[in-house]
Amino acid sequence: MTVKKSGSDRDFLSGQLLIAMPNMGDPRFDRSVVFVCAHDEDHAMGVIINKPLDDIELSELLEQLEIAPQANADETPVFFGGPVQTERGLVLHTLDYQIDTTLTLDSKVGLTASRDILVDIAGSSPKRPAPKRYLLAIGHAGWGPGQLEEEIAMNAWAHCESDEEIIFNGANEALWKRALAKLGVTSAMLSTEWASARDEDEPLN
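To keep things clear, this report deals only with the structure shown in the data block. All figures in this text were calculated on a predicted structure; none of them were measured in a lab. (Residues numbered from 1 in each chain as written. Predicted model: local features only at pLDDT ≥ 70, side-chain atom pairs only at ≥ 80, totals over all residues. Heavy atoms only, no water.)

What follows is about the overall build of the chain. What the chain contains, in helices and strands, is five helices and nine strands. Scanning the chain from its N terminus toward the C terminus, one meets helices and strands in the order β-β-β-α-β-β-β-β-α-β-α-β-α-α. Looking at the chain residue by residue over its 205 residues, the buried ones come to 45%. In the chain, 66% of the contacts between residues at least 6 apart in sequence involve partners at least 24 apart. Surface exposure of the chain reaches about 10300 Å², of which carbon and sulfur atoms provide 47%. (Helix = DSSP H or I, 4+ residues; strand = E, 2+ residues; numbered from the N terminus. Buried < 20%, exposed > 50% of the residue type's maximum accessible area, 1.4 Å probe, protein only. Contact = heavy atoms within 4.5 Å. Areas by Shrake-Rupley, 256 points an atom, 1.4 Å probe, with all protein chains shown as cover.)

Now the structure itself:
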């Protein structure tokens, strides 16, 4: 994927993966891997892809939305996508599935945040074939102007090209290490020191 750049030749990370560094001080992002859905001069938005929620079952969410679940609905994990708008769900998925509300994020991945995709993925009466691969998340991660760049400069995050095998295998506990391997490093090789000091209790997001 070609990374977007502004007129000042500034790099943007839409469509890439953020990998939390070992010194990540915010427990919500500890060992997290984030797919960056959007990044520009004004904001960044992403979805954590490797933190399945053990205490939430998909059938319960569907019933809250008055969707009759399939018998095997609870085999689909629900992920913690980030601390922003945790009352809302969204689905990252392959682009074999597209409806009017689908946002194309890169050449392979889309995002849909409508009730329709939940019906098609796990409802008892789907209207369309479900996407080949998908990840259902509650909430997302968000950054204000320049905030993500500051965190990267502080050595809180590394980033690399996205990988479908990583994006849609987030229930695997080894995913963080697999993402680091794309950079050619292991956690033992990385510094645990901040590039610059920050307030110990200051949240990153």
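Another point: unusual backbone geometry. A positive phi angle, close to 55°, is found at Arg 31, a residue other than glycine. Tracing the sequence through the fold places Arg 31 in the loop between strand S1 (16-20) and strand S2 (33-39). Of note, the phi angle at Asn 155 is positive, near 70°, even though the residue is not glycine. For Asn 155, a relative accessible area of 23% gives the class partly exposed.

A volume near 300 Å³ is recorded for the largest pocket. Breaking the lining of the largest pocket down by element, the ones donating at least two residues are helix H1 (58-64), strand S5 (84-94), helix H2 (115-122) and strand S8 (134-143). Residue contributions to the lining of the largest pocket peak at six residues, all from S5. Its residues assigned to classes, the lining of the largest pocket comprises 11 nonpolar, five polar and three charged. Together, 13 residues line the second largest pocket, and Met 45, Gln 85, Leu 90, Leu 111 and His 140 are the ones closest to its centre. For the lining of the second largest pocket, the secondary-structure elements that each account for two or more residues are S2, S5 and S8. Top contributing element to the lining of the second largest pocket by residue count: S5, with four residues. Taken together, the residues of the lining of the second largest pocket sort by class into eight nonpolar, four polar and one charged. (1 Å grid on protein atoms, 1.4 Å probe; cavity = no way out; pocket = protein on both sides within 12 Å on 5 of 7 lines; lining within 4 Å. Points joined across faces, edges and corners; volume = space filled by probe spheres on them. Nonpolar A, V, L, I, M, F, W, Y, C, P; charged D, E, K, R; others polar.)

Before going further, it helps to spend a moment on the packing of aromatic side chains. Summed over all chains, the structure comprises two aromatic pairs. Between Phe 29 and Trp 157, the aromatic rings sit 5.7 Å apart at their centres with planes inclined by 80°, giving edge-to-face as the arrangement. You can see Phe 29 sitting in the loop between S1 and S2 and its partner Trp 157 sitting in strand S9 (residues 157-161), a full 128 residues away along the chain. For the pair formed by Phe 29 and Trp 157, the shared burial category is buried. An aromatic cluster of at least three residues, connected via ring pairs, comprises Phe 29, Trp 143 and Trp 157. (Phe/Tyr/Trp six-rings, centres within 6.5 Å; stacked < 30°, edge-to-face > 60°.)

Any functional reading would require information beyond the geometric quantities listed.
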